[in-house]
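# Inside the fold
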Amino acid sequence: QVQLVESGGGLGQAGGSLRLSCAASGSIFRINAMGWYRQAPGKQREWVAAISSGGSTNHVDSVKGRFTISRDNAKNTVYLQMNSLKPEDTGVYYCYLDFVDYSGRYESSWGQGTQVTVSS
């Protein structure tokens with residue numbers, strides 16, 4: 001069993017900042033990658049950012065220069081620092097985890113989602 005607990009969502013203002021956190025716990029032998037998706041009202045879920053086990057990062061073009069993904073390996077936690085927020089950043093943000101369990105299986109797990117609302 002693996003659990004992902006997200007925090008840090010809420011209401012932000014355009015031009016402001018929010019920081020999301022996602023802590024993973026459970027039967028995790030090795031984390032391969034962690035990242036974030038988001039889903040705006042009436043739209044499909046879209047990938048936002050990812051960070052590899054080695055620390056390499058990628059961000060979707062629409063957030064480059066504004067959002068930064070990072071992780072604390074000791075805490076199995078991934079963060080998403082969101083600056084210069086825009087109303088179009090509004091949505092439910094989901095963290096995900098790609099990992100290897102103690103049986104050697106490659107698995108994925110998702111957080112429950114945290115709402116981010118940006119007012120203009």
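This text follows the structure it describes.
Residues numbered from 1 in each chain as written. Predicted model: local features only at pLDDT ≥ 70, side-chain atom pairs only at ≥ 80, totals over all residues. Heavy atoms only, no water.

Bringing unusual backbone geometry into the picture now. Backbone geometry places N76, a non-glycine residue, at a positive phi of 50°. Within the secondary structure, N76 is located in the loop between β7 (67-72) and β8 (77-82). A residue is classified by how much of its surface remains accessible, and N76, at 24% relative accessible area, is partly exposed. The residue S84 is not glycine, and still its phi comes out positive at about 50°. Looking at S84, the relative accessible area reads 38%, which means it is partly exposed. (Helix = DSSP H or I, 4+ residues; strand = E, 2+ residues; numbered from the N terminus. Buried < 20%, exposed > 50% of the residue type's maximum accessible area, 1.4 Å probe, protein only.)

With that settled, the discussion passes to the pattern of salt bridges. Following the criterion strictly, the structure yields six salt bridges and no others. Across the salt bridge formed by R38 and E46, the nearest N and O atoms sit 2.6 Å from each other. For R38, a relative accessible area of 7% translates into the label buried. By relative accessible area, E46 is classed as partly exposed at 31%. One network of salt bridges, with partners in common, ties together R38, E46, R66 and D89. (Salt bridge = Lys/Arg side-chain N within 4 Å of Asp/Glu carboxyl O.)

Considering the arrangement of structural elements, one finds R66 in the loop between β6 (57-59) and β7. When the C-alpha atoms of R66 and G91 are compared, they prove to be 16 Å apart, with 25 residues separating the residues in sequence. Those residues in contact with R66, other than ones at most four positions away along the chain, are Q81, M82, N83, S84, L85, K86 and D89. In this structure the side chain of R66 is engaged in a polar contact, spanning 2.9 Å, whose partner is the backbone oxygen of S62. (Contact = heavy atoms within 4.5 Å. Polar contact = N/O pair within 3.5 Å; in protein donor to acceptor, adjacent residues only side chain to side chain.)

If you trace the four strands from one edge of the open sheet to the other, you get β1-β3-β8-β7, paired in antiparallel fashion. The sheet is open, and its two borders are formed by β1 (2-7) and β7, each paired with just one other strand. Adjacent strand axes in the sheet meet at a mean angle of 15°, parallel and antiparallel pairs treated alike. Note that β7 and β8 share six bridges and pair antiparallel. What sits directly across from T68, in β8, is Q81. (Pairing = 2+ DSSP bridges. Axes fitted to C-alpha atoms, helices over the stretch in contact; angles between N-to-C directions.)

On to the packing of aromatic side chains. For the coordinates displayed, the defined rule picks out four aromatic pairs. Ring geometry for Y96 versus W110: centroids 5.7 Å apart, planes at 45°, classification tilted. Remark: W110 occurs in strand β10 (residues 106-110) and Y96 occurs in strand β9 (residues 91-100); sequence separation between them is 14 residues. On the accessibility criterion, W110 (40% relative accessible area) is partly exposed. Counting every residue linked through ring pairs, the aromatic cluster contains Y37, Y96 and W110. (Phe/Tyr/Trp six-rings, centres within 6.5 Å; stacked < 30°, edge-to-face > 60°.)

This part is about the nonpolar core. Core analysis: the largest hydrophobic core is formed by 27 residues, its most contacted members being W36, L80, M82, Y93 and L97. If we ignore the near neighbours within four places in the chain, the residues touching L97 are V2, L4, A24, I28, I31, A33, M34, E107, S108 and S109. (Core = buried A, V, L, I, M, F, W, Y, C linked by side-chain atoms within 4.5 Å.)

Such coordinate-based values are descriptive only and should not be taken to indicate function.
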